[in-house]
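# Working through the structure, step by step
Read off the chains here:
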There are 2 protein chains.
Amino acid sequence: MAYQELRQNPITGNWVIIAEDRSKRPGVLQINGKVQLPAYDKDCVFCPGNEDKTPPEILAYRNGDVWWARTIPNKFPALSLEARIDGQPQIIREGMFVRMPGYGVHEVIIETPSHNQDIYDRELGQVREMLWMYRDRLTTYKNEEELENILIFKNKGDTAAASLYHPHSQLTASPVHMQRLDLEIEGSQRYFLSENFMGKKEQCGYCDMINQEIEIKDKFGVTSSVNRLIAENPYSIAFLPFASAFPFETWIMPKNHRSDYTLISPEEATQLAIITKEVFEKLHRALPNFDYNMILHTTPLNAGIQEYYHWHFEIIPKLTKIGGFELGSGIFINIVAPEKAAKFMNTGLDY
Amino acid sequence: MAYQELRQNPITGNWVIIAEDRSKRPGVLQINGKVQLPAYDKDCVFCPGNEDKTPPEILAYRNGDVWWARTIPNKFPALSLEARIDGQPQIIREGMFVRMPGYGVHEVIIETPSHNQDIYDRELGQVREMLWMYRDRLTTYKNEEELENILIFKNKGDTAAASLYHPHSQLTASPVHMQRLDLEIEGSQRYFLSENFMGKKEQCGYCDMINQEIEIKDKFGVTSSVNRLIAENPYSIAFLPFASAFPFETWIMPKNHRSDYTLISPEEATQLAIITKEVFEKLHRALPNFDYNMILHTTPLNAGIQEYYHWHFEIIPKLTKIGGFELGSGIFINIVAPEKAAKFMNTGLDY
């Protein structure tokens, strides 16, 4: 019988099912992203030379006409700062229903002038500038009192819901709670206030997780069948989480406790760029030219430094489809155990 | 500027964004399900004549060799009753991590002998038998003490994560909490214990919702641009929910308060079959041969009759992709307002 296991996310309390599909070993997983792109496309609104075809620039890293990262408003925003009446978000009640004009922020970050370079084949400096742009844009909204939650995410490829090919990320901020982020924040608060598995209180769950992943790696080795660690440097760590919801789901986070991404130092940003590039190289070797979503979870706006939360990137390769079970239960079925995916990424060896 | 609105689900408290994509009016939405199937496929393990190619039948509605609905164990289960040690689900702790062998139930319900009849082009009696089979299978596990949550769902088509074409549903039950169902149960408890918009306590949120949808329809008319009601009969009602997460998302539920699907009466089942067929006919006219997920949410096992919960079907046509925003925030962006989808379903008129 195939391997089936229920695993609980130690932060949120949510469960996932690891149910091996033996017809889909890591080496033969269906990979969706196969589009080959040119380095430059004169019809792409994000390519150099077409700057006047985008809404007016909000921020750019540039030297005269030459730029290496730009932020612009989303031309088709899901949320907008204009949706405000007398400077206030407007709550409308109709019987039991509550609605609000779509007040918020929706920006696009053009990560690179190159039309075809994904993170794994960019220069390190270019990766660092993207990460620094994230910091700059988050900082802008940090004290915006009418906004609550902020999210940076990236969709790469058709199957990951990208509508444009040129590498870009998006930033959204809104006055309403983002339930997925709430679940993490509340879960990490609960973890902090309870005794952890060592009987200690006031521990950050993510710090505990990092320590346990390092311990397993040290005890059994990075190529062992229980290791989930992928990369490590003085400031950063990357691993496949124990309760991965998706095959090859990978998290990157600061090794030391950090709740607020905007406080990243220049040296930390360099180390983060190094590990991000390394992780994407390893993912790309395992899943050539894969489509993916990448998400940055950081502390809510106006929340200040928190002892219980820990910012992190979640990278979710798009390899499987979401069906009625996932939509109806909230439980994801993951057909590749994270230890197996990690071993494949670390050794290239299938099982 | 395009229409953008934040809407709150009155039961769960979760938000969705209604952000019209004017390039994707209802009449030109991308519809994924275009596979034309034969009525019979000799190589299909679910077609009549191949009964010996499935695991042994658990329950069938049959007359001698002729059957019209069958339930079998899933051949590749995500959860299994065998994953138990000495009759108990086994919890394994490793530092901060908790895992459990994949204990639970995973069944397949073959809805019809026909290889190609989706719900909209089946005989009414055949639809009713599917719904009655749901009742029978749920009843079996109703008092199973080691199981907690139960879910019936259906994936139709490739993009909805179906791996076999022959019309089938699935039943899963597990000892762990299904977070999506919990959210509804807890939300409906909270609603019940709080004052509703009329200042009344101890109301079922779903009953309130039904009343408000009927009121809007009565006041403005079924073809108006604010109506969300699609179908109605003495026992059942179908509408597109106010805070729809997906374009054309449709709910079917009993008109009177019912928390436990297994208590459905024969007459109620007939009326449910009538409305289910009607809803699928309307969806199929709007979205020819569409792929979809269908989910039945009923009260958890061992919970008994509840004043605050209301069973319902959720039908989710597969028309859009899930991206980093949805995965990272838990907020879904719906590009067709439910009022517009309802109007299109009721009148065939695009906007």
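Residues numbered from 1 in each chain as written. Chains lettered and ligands numbered in written order. Predicted model: local features only at pLDDT ≥ 70, side-chain atom pairs only at ≥ 80, totals over all residues.

### A look at the sheet that holds strand β13 (residues 292–297) of chain A
Residue and element names in this part refer to chain A.
- With antiparallel pairing, 10 strands are arranged side by side in an open sheet as β3-β4-β7-β9-β8-β13-β14-β12-β11-β10. This sheet does not close on itself; its edge strands, each paired only once, are β3 (59–63) and β10 (229–232). Adjacent strand axes in the sheet meet at a mean angle of 15°, parallel and antiparallel pairs treated alike.
- Together, β3, β4 (66–73), β7 (105–110), β8 (149–156), β9 (168–174) and β13 form the strand contacts of helix α1 (residues 124–141), whose direction differs from that of β4 by roughly 35°. (Pairing = 2+ DSSP bridges. Helix = DSSP H or I, 4+ residues; strand = E, 2+ residues; numbered from the N terminus. Axes fitted to C-alpha atoms, helices over the stretch in contact; angles between N-to-C directions. Contact = placed C-beta atoms within 7 Å.)

### Here's the deal with the packing of helix α1 (residues 124–141) of chain B against helix α4 (residues 266–286) of chain B
Residue and element names in this part refer to chain B.
- Interaxial distance between α1 and α4 falls to 9 Å at its minimum, and their mutual angle equals 115°. In this structure, the crossing between α1 and α4 has a hand that is right-handed. Listed contacts from α4 to L124, V127, R128, L131 and W132 of α1 are A269, T270, L272, A273, I274, T276 and K277.
- Of the residues belonging to the contact of α1 with α4, the class tally is 8 nonpolar, 2 polar and 2 charged. (Left-handed = near helix turned anticlockwise from the far one by under 90°. Nonpolar A, V, L, I, M, F, W, Y, C, P; charged D, E, K, R; others polar.)

### Section: helix α6 (residues 338–347) of chain B
Residues and elements named next belong to chain B.
- With 8 of 10 residues buried, α6 is to be regarded as a mostly interior element.
- Those residues of α6 that fall on the buried side of the exposure criterion are P338, K340, A341, A342, K343, F344, M345 and N346.
- Structurally, α6 contributes buried residues whose contacts are with β10 (229–232) and α4.
- With its phi angle positive at about 75°, G348 sits one or two positions after the end of α6. (Buried ≥ 20, exposed ≤ 12 C-beta atoms within 10 Å, placed from the backbone.)

### Thoughts on the relation of the copies chain A and chain B
- With an RMSD of 0.0 Å, the operation that places chain A on chain B is a rotation of 180° combined with a shift of 0.0 Å along the axis. Between the two chains, the operation in question is that of a two-fold axis. Judged by C-alpha distance, I322(A) is the residue of chain A that lies nearest the rotation axis, at 4.3 Å.
- Here 100% of the contact residues of chain A are again contact residues in chain B; the copies associate through an equivalent surface. (Least-squares fit on C-alpha atoms with pLDDT ≥ 70 in both.)

### Some words on the pairing of β10(A)
All names here are of chain A.
- As paired elements, β10 and strand β11 (residues 236–239) share 3 bridges and run antiparallel to each other. Across the sheet, A231 pairs through a bridge with A238, a residue of β11.
- In sequence, β10 turns back onto β11 through a hairpin of 3 residues.

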